[in-house]
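Listed below are the residues making up each chain.
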Amino acid sequence: MTQADTATPLLRARGITKHYGAVVALDAVDLDLHAGEVLGVVGDNGAGKSTLIKALTGAISKTAGTVEMDGKDIQITTPTEAKAAGIETVYQDLALVNELSITKNMYLGREIVRDTLFGHLFGTLDFAKMDTEIRALFQKLDIRITDIYREAEAFSGGQRQAVALAKTVMFGKRIAILDEPTAALGVRESKMAMDLVRSLKDHGLSVIMITHNMQHVMNYCDRVMVLRLGRLAAVRDVADVDGDTLVGLITGAAEDKVA
Amino acid sequence: MTDLPRPSAPPVSAPTPGGSNLDVLKHQFQQIWQVLAALALIYMVFFVLSEPFRSFDTLLSIFGQAAILAILACGTTVVLISGGLDLSVGSIFAVVGVIVGIVLAEYRLPVPVAVLIGLAAGALMGALNGTIQVLTKVPAFIVTLGGLTAYKGIAEILASGRDLSRFPENFQVLGSGYLVPMGIMFGVALLTGLFLTKTRLGNHAFAIGGNEEVARLSGVNVRKSRIYYYMIGGVLAATAAILEVSKLNFAMPARGQSYELFAIAAVVIGGTSLFGGRGGVGKTLIGMLIMQTIIVGLSYLGVGTSVQRIAIGIIIILAVYWDVWRRPAR
Ligand SMILES: Nc1ncnc2c1ncn2[C@@H]1O[C@H](COP(=O)(O)OP(=O)(O)OP(=O)(O)O)[C@@H](O)[C@H]1O
Ligand SMILES: [Mg+2]
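Scoring rules and cut-offs
- Residues numbered from 1 in each chain as written.
- Chains lettered and ligands numbered in written order.
- Predicted model: local features only at pLDDT ≥ 70, side-chain atom pairs only at ≥ 80, totals over all residues.
- Heavy atoms only, no water.
- Helix = DSSP H or I, 4+ residues; strand = E, 2+ residues; numbered from the N terminus.
- Contact = heavy atoms within 4.5 Å.
- Donors = N, O, S within 2.8 Å, 3.2 Å for Na, K, Ca; no water.
- Core = buried A, V, L, I, M, F, W, Y, C linked by side-chain atoms within 4.5 Å.
- Buried < 20%, exposed > 50% of the residue type's maximum accessible area, 1.4 Å probe, protein only.
- 1 Å grid on protein atoms, 1.4 Å probe; cavity = no way out; pocket = protein on both sides within 12 Å on 5 of 7 lines; lining within 4 Å.
- Points joined across faces, edges and corners; volume = space filled by probe spheres on them.
- Nonpolar A, V, L, I, M, F, W, Y, C, P; charged D, E, K, R; others polar.
- Pairing = 2+ DSSP bridges.
- Axes fitted to C-alpha atoms, helices over the stretch in contact; angles between N-to-C directions.
- Salt bridge = Lys/Arg side-chain N within 4 Å of Asp/Glu carboxyl O.
- Near = heavy atom within 4 Å.
- Polar contact = N/O pair within 3.5 Å; in protein donor to acceptor, adjacent residues only side chain to side chain.
- Areas by Shrake-Rupley, 256 points an atom, 1.4 Å probe, with all protein chains shown as cover.

Engineer: Just give me the short version of the environment of Ile74 of chain A, but keep the residues and values in it.
Structural biologist: All names here are of chain A. Tracing the sequence through the fold places Ile74 in the loop between strand E5 (72-73) and helix H3 (79-84). Once the C-alpha coordinates of Ile74 and Tyr91 are considered, the two residues, 17 residues apart in sequence, prove to be 21 Å apart. When sequence neighbours within four positions are dropped, the list of residues in contact with Ile74 reads Val67, Glu68, Met69 and Ala85.

Rendered as structure tokens:
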């Protein structure tokens with residue numbers, strides 16, 4: 001990595017603000033994501049974590065704020081634009097369509113069309129190819145789901161989360177953003193999900209991960225940012241903090257020490 | 001995709017069997033066998049109760065009478081799967097009938113041209129329904145309720161003072177007898193089914209109807225897709241209208257009344273969800289056959305149309321109850 005690479009963050013957001021009418025959900029939050037790092041985002045319920053990543057990825061329009069990628073200004077106003085920029089996101093509670101099969105969920109919005117004139121004309125889908133790619137990926141990631149033709153609602157929370165994460169592995173080119181990837185998962189399934197997060201990093205992606213689990217911050221993140229009441233309360237290298245300090249920052253008990 | 005390190009994590013769950021083509025077929029059959037069984041049962045009941053019902057002609061007439069409404073209902077299926085609703089297709093049906101009648105009886109244009117004009121008019125009215133919805137965000141129920149009366153009014157204005165009858169011989173072929181309409185019905189159902197299951201736009205109907213927000217976040221162009229689904233509904237209402245005008249050999253604005261309700265009834269009896277995200281045209285065909293079998297069967301038993309309507313009404317409520325009941329809590 002050259003000197004310039006370390007200096008210019010992969011993603012630099014400044015003054016990200018979101019108002020819902022009179023409610024200020026997010027107040028001028030800055031975020032830097034460096035290449036190859038896992039950045040944790042923590043904060044109490046309603047602190048603005050989901051709002052932040054939705055504003056970054058064009059899922060909602062932001063009231064104010066700028067985003068740079070590789071030091072250049074970038075406008076991301078729709079989820080499609082975020083994907084085009086190489087940003088893949090797993091939104092909280094909005095990862096899969098219950099009624100669609102695993103295959104259709106994995107490729108939703110990016111289906112593989114048959115490579116024939118007819119296929120391109122009418123958008124006929126190449127399910128065989130999609131199935132093959134998914135099976136290969138699942139095998140590589142050790143996701144033991146074979147009946148990928150079944151609707152997503154037939155699978156457990158852990159399996160669904162694994163599918164959502166596999167989607168970011170399949171399509172993520174530069175940045176993976178994960179909103180509570182282990183929410184509502186059991187111990188074993190959490191471990192599995194977090195190993196998938198680690199393989200995203202090993203795959204060369206930079207990761208932003210929202211979590212309520214301090215252990216996961218300590219074990220998997222390089223840096224962590226703390227949101228409180230819509231504001232950025234602190235940014236720390238994980239090596240420099242312990243769980244108790246983080247909890248203090250989240251609740252505001254450590255307010256004075258921060259300032 | 002480059003190589004990924006294999007995570008050391010334990011498997012998410014025990015390996016689940018399945019994945020072969022046979023499993024997929026079995027899975028699909030599981031979703032349709034109940035309505036098929038219901039149809040068989042209802043047919044058997046009338047078969048036992050009524051002697052004349054047993055003839056092959058009766059079976060043919062059930063299909064024949066189902067054909068026109070079934071074509072319309074294929075469009076309704078697409079719209080309902082996408083989480084939409086179109087109450088105006090009966091009135092679109094009326095407008096198209098009148099337009100085709102005018103084109104044929106007054107302007108004496110060739111039949112293929114008349115058919116194309118009719119289909120285009122249906123597409124246009126459907127697209128208008130969809131466009132108004134995505135632009136104004138007024139609910140589908142209201143927009144298409146408005147369409148129901150507005151299009152009806154247009155049909156009346158267009159038809160007033162005109163004699164729309166006695167069409168060319170080669171036009172009358174389309175809707176006469178049972179076989180041609182039945183053939184067109186199966187053709188339409190096949191195409192609509194292929195559209196829903198094999199194409200990108202068709203698959204997006206299930207995604208949007210299942211969870212519009214997830215679809216949007218996945219990069220699906222929800223608004224544009226919705227307009228297409230309403231257009232398809234309009235085109236299929238137009239197709240049905242053209243067949244009926246041909247069959248009756250006259251056109252009038254009163255036709256198509258309540259057809260949207262019969263179509264919705266057939267769709268939900270067949271098992272397509274009123275809430276979107278699930279369903280298919282195969283189910284709709286079966287639903288339409290169930291309805292027609294009951295109507296034909298009851299009339300063979302000497303039961304009048306009023307009681308038939310009551311029976312259909314009860315079945316619609318039961319079908320939706322079943323839809324609500326099996327829908328998993330979220
Ligand atoms: N669509 C909306 N309309 C109005 N207010 C909203 C909307 N979405 C979020 N908010 C508000 O914005 C604030 C931040 O919400 P957000 O979902 O970002 O919190 P969060 O940090 O992700 O919480 P959690 O840990 O519970 O997921 C909350 O006060 C919430 O009520
Ligand atoms: Mg959240």
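Engineer: Lay out the coordination of the magnesium ion (ligand 2) with the relevant residues and their values.
Structural biologist: Every protein donor of the magnesium ion (ligand 2) is accounted for by Ser50 of chain A (OG) and Gln92 of chain A (OE1), and the metal-donor separations fall at 1.9 to 2.2 Å. Within this pair, whereas Ser50 of chain A is found in helix H2 (residues 49-56), its partner Gln92 of chain A is found in the loop between strand E6 (87-90) and helix H4 (102-106), the two being separated by 42 residues in sequence.

Engineer: How would you summarise the nonpolar core if you had to cite specific residues and measurements?
Structural biologist: Ranked by size, the top nonpolar core spans 126 residues in total, and within it Leu31 and Leu52 of chain A together with Leu72 and Val96 of chain B carry the most contacts. Tallying contributions element by element places helix H3 (residues 56-81) of chain B first for this core, with 14 residues. In terms of nonpolar packing, the next biggest core, distinct from the first, is built from 54 residues, Ile145, Met170, Leu185 and Val226 of chain A among them.

Engineer: Residues and numbers for empty space enclosed by the protein, please.
Structural biologist: Enumeration over the complete set of coordinates arrives at four cavities of 30 Å³ or more. Approximately 120 Å³ is the volume attributed to the largest cavity. For the largest cavity, the lining is made up of 13 residues, of which Lys83, Thr89, Ala95 and Lys167 of chain A together with Ser218 of chain B are closest to its centre. Taken together, the elements giving at least two residues each to the lining of the largest cavity come down to E6 and helix H7 (157-171) of chain A together with helix H10 (212-217) of chain B. Split by residue class, the lining of the largest cavity holds seven nonpolar, three polar and three charged. Of the volumes computed, that of the second largest cavity is approximately 70 Å³. Forming the walls of the second largest cavity are Phe93, Ala94, Gly97, Val98, Ala241, Glu244, Val245, Leu248, Phe250, Ala251, Met252 and Arg255 of chain B. Those elements that place two or more of their residues in the lining of the second largest cavity are helix H4 (89-105) and helix H11 (222-248) of chain B.

Engineer: Would you mind going over the sheet that holds E6 of chain A in detail, with residue names and values included?
Structural biologist: Residue and element names in this part refer to chain A. Across the sheet, which stays open at both edges, the six strands sit in the order E6-E7-E8-E3-E9-E10 with mixed pairing between neighbours. Looking at strand neighbours, the two that pair on one side only are E6 and strand E10 (231-237), the edges of this open sheet. Between one strand and the next, the sheet's axes are offset by a mean angle of 15 degrees, whatever the strand orientation. Inspection of the sheet shows strand E3 (residues 38-42) paired to strand E8 (residues 206-210) by four bridges, in the parallel sense. In the strand pairing of E8, Val41 is matched with Ile210.

Engineer: Which residues make up the pattern of salt bridges, and what are the values?
Structural biologist: Under the definition given, this model contains 18 salt bridges over all chains. Two residues, Asp147 of chain A and Arg150 of chain A, come together in a salt bridge whose shortest N-O distance is 3.0 Å. According to the relative accessible area criterion, Arg150 of chain A is partly exposed, its value standing at 28%. Close ionic contact of Arg162 of chain B with Glu106 of chain B constitutes a salt bridge, the shortest N to O distance being 2.7 Å. With a gap of 56 residues between them, Arg162 of chain B in the loop between helix H6 (140-159) and helix H7 (169-172) and Glu106 of chain B in the loop between H4 and helix H5 (111-136) connect regions that are remote in the sequence. By relative accessible area, Glu106 of chain B is classed as partly exposed at 40%. Among the charged side chains, a network of salt bridges with common partners joins Lys83, Glu88 and Arg110 of chain A.

Engineer: Would you mind going over the site of ligand 1 in detail, with residue names and values included?
Structural biologist: All names here are of chain A. Close to ligand 1 lie 13 residues; Gly46, Lys49, Ser50, Thr51 and His212 are nearest. Ala47 places a polar main-chain atom, nitrogen or oxygen, 3.2 Å from an oxygen atom of ligand 1. Here an oxygen atom of ligand 1 and a side-chain polar atom of Lys49 are 2.7 Å apart. For ligand 1, whose accessible area on its own is 640 Å², the fraction buried by protein is 61%. Among the elements that line the shell around ligand 1, the one with the most residues is H2, at three residues. Broken down by class, the residue content of the shell around ligand 1 amounts to three nonpolar, seven polar and three charged.

Engineer: Could you give an account of the side chain of Thr293 of chain B, naming the residues involved and the relevant values?
Structural biologist: Along the chain, Thr293 of chain B falls in helix H13 (residues 281-300). Among residues more than four places away in sequence, those in contact with Thr293 of chain B are Leu39, Ile42, Tyr43, Phe46, Phe53, Ile62 and Leu298 of chain B.

Engineer: Break down the layout of surface pockets for me, with residues and values.
Structural biologist: Reported here for the largest pocket is a volume of approximately 1700 Å³. Along the walls of the largest pocket sit 50 residues, with Lys104 and Glu151 of chain A together with Gln28, Gln31 and Thr197 of chain B positioned nearest its centre. Breaking the lining of the largest pocket down by element, the ones donating at least two residues are H4 and helix H6 (127-141) of chain A together with helix H1 (21-30), helix H8 (179-198), H13 and helix H14 (305-326) of chain B. Among the elements that take part in the lining of the largest pocket, H8 of chain B stands out by supplying seven residues, more than any other. The residue inventory of the lining of the largest pocket, partitioned by class, reads 18 nonpolar, 17 polar and 15 charged. In this structure, the second largest pocket occupies an estimated 650 Å³ of space. In terms of lining, the second largest pocket is formed by 22 residues, of which the most central are Val188, Leu191, Thr192, Phe195 and Leu236 of chain B. Listing elements by their share of the lining of the second largest pocket, those giving two or more residues are helix H5 (117-122) of chain A together with H5, H8 and H11 of chain B. For the lining of the second largest pocket, the element with the most residues is H8 of chain B, which contributes seven residues. Class assignment for the residues of the lining of the second largest pocket results in 17 nonpolar, four polar and one charged.

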